[in-house]
Amino acid sequence: MLDKLLVKDLMTKDVLTVDKEVETVFAFEELMKNKISAMPVLDGEKMVGIVTATDLGHNLILDNYQFGTKVKSVMVTDVACVSPENTLKEAVCVMFDKAPGENIINQLPVVEDGKLVGILSDGDIIKAIKDGF
């Protein structure tokens, strides 16, 4: 069943993003306020990276950033993505295969023709399984 369901059927289309010039503390504040774990980083309309609540929060608490540190200097730039036409099974494989170490990716940007069109979260997948697809 996972190989028949498409990413576009589950993804969130209204994606919260952050501009690369925003200071890390404000990006972290947006993540916390919206109760999400990651935000794609944009330069205009082009996705250039992603920031996570875990990375930002950890480094802010440890005081690893200078005052005024911008998202562009701390974002992950090698971002795993999928197409809206990928199957859910393909997306889950990317979430496992492209993650560092024993981790999984829990927010997977969905890109079509170079443009961010959605995001697929582990929560979206869990909800689909709970609802029986």
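Quick note: structure is the one above.
Just so it is clear, the model here is predicted, and its values are computed rather than measured. (Residues numbered from 1 in each chain as written. Predicted model: local features only at pLDDT ≥ 70, side-chain atom pairs only at ≥ 80, totals over all residues. Heavy atoms only, no water.)

## Looking at the overall build of the protein
Check the secondary structure of the protein and you find five helices and five strands. Compactness check: the protein gives a C-alpha radius of gyration of 15 Å against a globular reference of 14 Å for 133 residues, within 12% of the reference. Taken over 133 residues, the protein has a buried fraction of 38%. Here the contacts in the protein between residues at least 6 apart in sequence split such that 62% fall between residues at least 24 apart. Carbon and sulfur atoms make up 52% of the accessible area of the protein, which amounts to about 8,100 Å² in all. Positive and negative charge centroids in the protein, built from 14 and 22 side chains respectively, lie 3 Å apart. (Helix = DSSP H or I, 4+ residues; strand = E, 2+ residues; numbered from the N terminus. Rg over C-alpha atoms; globule rule 2.2 N^0.38 Å. Buried < 20%, exposed > 50% of the residue type's maximum accessible area, 1.4 Å probe, protein only. Contact = heavy atoms within 4.5 Å. Areas by Shrake-Rupley, 256 points an atom, 1.4 Å probe, with all protein chains shown as cover. Lys, Arg positive; Asp, Glu negative; His and termini not counted. Charge placed at Lys NZ, Arg CZ, Asp CG, Glu CD.)

## Examining the side chain of S121
Here S121 shows up in strand 5 (residues 115–121). We classify S121 as buried; its relative accessible area is 11%. Every residue in contact with S121, bar those within four places of it in the chain, is listed here: M95, N106 and Q107.

## A closer look at the sheet that holds strand 1 (residues 18–19)
Adjacent strands of a sheet form backbone hydrogen bonds with each other and so pair up, either parallel or antiparallel. The strand order across the open sheet built from three strands is 1-2-3, with neighbouring strands paired in mixed fashion. A strand with exactly one partner marks an edge of an open sheet, and here the two such strands are strand 1 and strand 3 (46–52). The sheet contacts of helix 2 (residues 24–34) involve strand 1, strand 2 (38–43) and strand 3, and relative to strand 2 the element is tilted by about 135°. (Pairing = 2+ DSSP bridges. Axes fitted to C-alpha atoms, helices over the stretch in contact; angles between N-to-C directions.)

## Some thoughts on the nonpolar core
Within the largest apolar cluster, 17 residues are counted, with the highest numbers of intra-cluster contacts made by V7, V82, L108 and L120. Those elements that provide at least two residues to this core are helix 1 (7–10), helix 4 (88–97), strand 4 (107–112) and helix 5 (122–130). Looking at which element gives the most residues to this core, the answer is helix 4, with four residues. If we ignore the near neighbours within four places in the chain, the residues touching L108 are A80, C81, V82, A91, V94, M95, I119 and L120. (Core = buried A, V, L, I, M, F, W, Y, C linked by side-chain atoms within 4.5 Å.)

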